[in-house]
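Each chain, written out:
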Amino acid sequence: MRKIIESTLISLDGVMNDPGSWALDYFNDEFLTEAHELLQGCDAMLMGRGTYEDLSWRWPGQKGDFADAINGIRKYVFSSKLQRTEWNNSVVVDGDVVAEVRKLKEEGGGDLVVFGHGMLSHTLLEHGLLDRLRFAVHPIVVGQPLGSFVENPKTPLTLVSTHARQSGVVVLNYAVQNASVQGDSSSTV
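Analysis parameters
Residues numbered from 1 in each chain as written. Predicted model: local features only at pLDDT ≥ 70, side-chain atom pairs only at ≥ 80, totals over all residues. Heavy atoms only, no water. Helix = DSSP H or I, 4+ residues; strand = E, 2+ residues; numbered from the N terminus. Rg over C-alpha atoms; globule rule 2.2 N^0.38 Å. Buried < 20%, exposed > 50% of the residue type's maximum accessible area, 1.4 Å probe, protein only. Contact = heavy atoms within 4.5 Å. Areas by Shrake-Rupley, 256 points an atom, 1.4 Å probe, with all protein chains shown as cover. Arc of directions from axis to C-beta. Polar contact = N/O pair within 3.5 Å; in protein donor to acceptor, adjacent residues only side chain to side chain. Pairing = 2+ DSSP bridges. Axes fitted to C-alpha atoms, helices over the stretch in contact; angles between N-to-C directions.

Enquirer: Explain the overall build of the protein chain here, please?
Expert: Regarding its fold elements, the protein chain presents five helices and eight strands. Shown N-terminal to C-terminal, the secondary structure of the protein chain runs as helices and strands in the order β-α-β-α-α-β-β-α-β-α-β-β-β. The C-alpha radius of gyration of the protein chain comes to 16 Å, within 12% of the 16 Å expected for a compact globule of 189 residues. Once the C-alpha set of the protein chain is aligned to its principal axes, its extents read approximately 40 × 40 × 30 Å. A total of 189 residues make up the protein chain; the buried ones form 43% of that total. A separation threshold of at least 6 residues defines the contact pool for the protein chain, and within that pool the share at least 24 residues apart is 73%. Working note: accessible area of the protein chain is about 9,500 Å², and carbon and sulfur atoms make up 48% of it.

Enquirer: Would you take a moment to explain helix H4 (residues 97–106) for this structure?
Expert: Because each turn of an α-helix spans 3.6 residues, side chains separated by three or four positions in sequence point in the same direction. Within H4, the full set of buried residues consists of Val-98, Val-101, Leu-104 and Lys-105. The buried side chains of H4 occupy one side of the element, clustering within an arc of 125 degrees when seen end-on. If you follow the buried residues of H4, they end up packed against strand E1 (4–11), strand E2 (42–48), strand E3 (74–78), strand E5 (111–115) and helix H5 (119–126). One side-chain oxygen at the N-terminal end of H4 lies 3.1 Å from the backbone nitrogen of Val-98; it belongs to Asp-96. Note on H4: the residue one or two positions beyond its end, Gly-108, has a positive phi of about 80 degrees.

Enquirer: How should I be thinking about the environment of Met-47 in this particular structure?
Expert: As for its position among the elements, Met-47 is in strand E2. Taking the relative accessible area as the measure of exposure, Met-47 reaches 2% and is therefore buried. For the pair Met-47 and Leu-120, spaced 73 residues apart in sequence, the C-alpha to C-alpha distance is 6.8 Å. In this structure, Met-47 is in contact with Tyr-52, Lys-75, Tyr-76, Val-77, Phe-78, Trp-87 and Leu-120, ignoring residues within four places of it in sequence.

Enquirer: Whenever I open this one, the pairing of E2 confuses me. Can you help?
Expert: Regular strands place side chains that alternate from one sheet face to the opposite one. Taken across its seven residues, E2 has six buried, putting it largely inside the fold. As paired strands, E2 and E3 are joined by five bridges and run parallel to one another. Considered in E3, the bridge of Met-45 is made with Lys-75.

Enquirer: Would you take a moment to explain the sheet that holds strand E7 (residues 157–164) for this structure?
Expert: Pairing between sheet strands relies on hydrogen bonds along the backbone, with the strands arranged either parallel or antiparallel. As summarised here, the arrangement of the eight strands in space is E4-E3-E2-E5-E1-E6-E8-E7, forming an open sheet in which the pairing is mixed. Across the chains shown, the open sheet's two edge strands, defined by having one partner strand only, are strand E4 (90–93) and E7. Between one strand axis and the next, the sheet turns by 25 degrees as a mean value, whatever way the strands run. Summarising the sheet, E3 and E4 pair through four bridges and their orientation is parallel. Each bridged residue has a counterpart across the sheet, and for Tyr-76 the counterpart in E4 is Val-91. In the packing of helix H3 (residues 65–72) onto the sheet, contacts are made with E2, E3 and E5, and the angle to E3 comes to roughly 60 degrees.

Structure, rendered in structure tokens:
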């Protein structure tokens with residue numbers, strides 16, 4: 001069974017929303033290489049409407065390994081409001097999120113990735129469907145209370161790996177202890 005890996009950008013003061021307004025200075029070659037490597041191990045992306053709308057105008061037409069990977073990967077957009085998608089390899093999934101994601105996990109193949117922590121991630125965490133949480137903690141204090149984990153259930157995590165980028169961003173990889181399928185905690189993401 002494949003794993004679901006969430007990769008989230010976060011500031012030192014816990015801001016996750018609108019990373020385009022505070023994290024762009026850290027989007028360098030090292031960031032793009034790591035993001036590309038993450039996508040290489042995945043068969044598809046899962047996203048809500050907000051993430052789709054944010055990424056779907058940003059990446060089409062871009063060049064490079066990461067741009068090629070994100071534009072080419074299969075994208076499942078969970079939304080009851082979005083009727084159609086324009087971004088390459090995107091499909092709208094309107095239905096029971098938990099049941100649909102369980103089916104995707106059981107299909108086998110490469111892992112599934114979620115970028116950012118929004119309502120979809122809340123639902124996946126609540127139902128034990130997230131296997132890994134990967135936080136890229138940025139050395140910046142945004143000073144605005146945008147986004148948090150307060151709506152999620154208490155979720156024990158096990159530290160899998162850490163590393164620091166030259167930019168000062170620290171990447172923390174955690175395994176979710178109550179995930180529906182727990183993987184080998186010695187592997188890294």
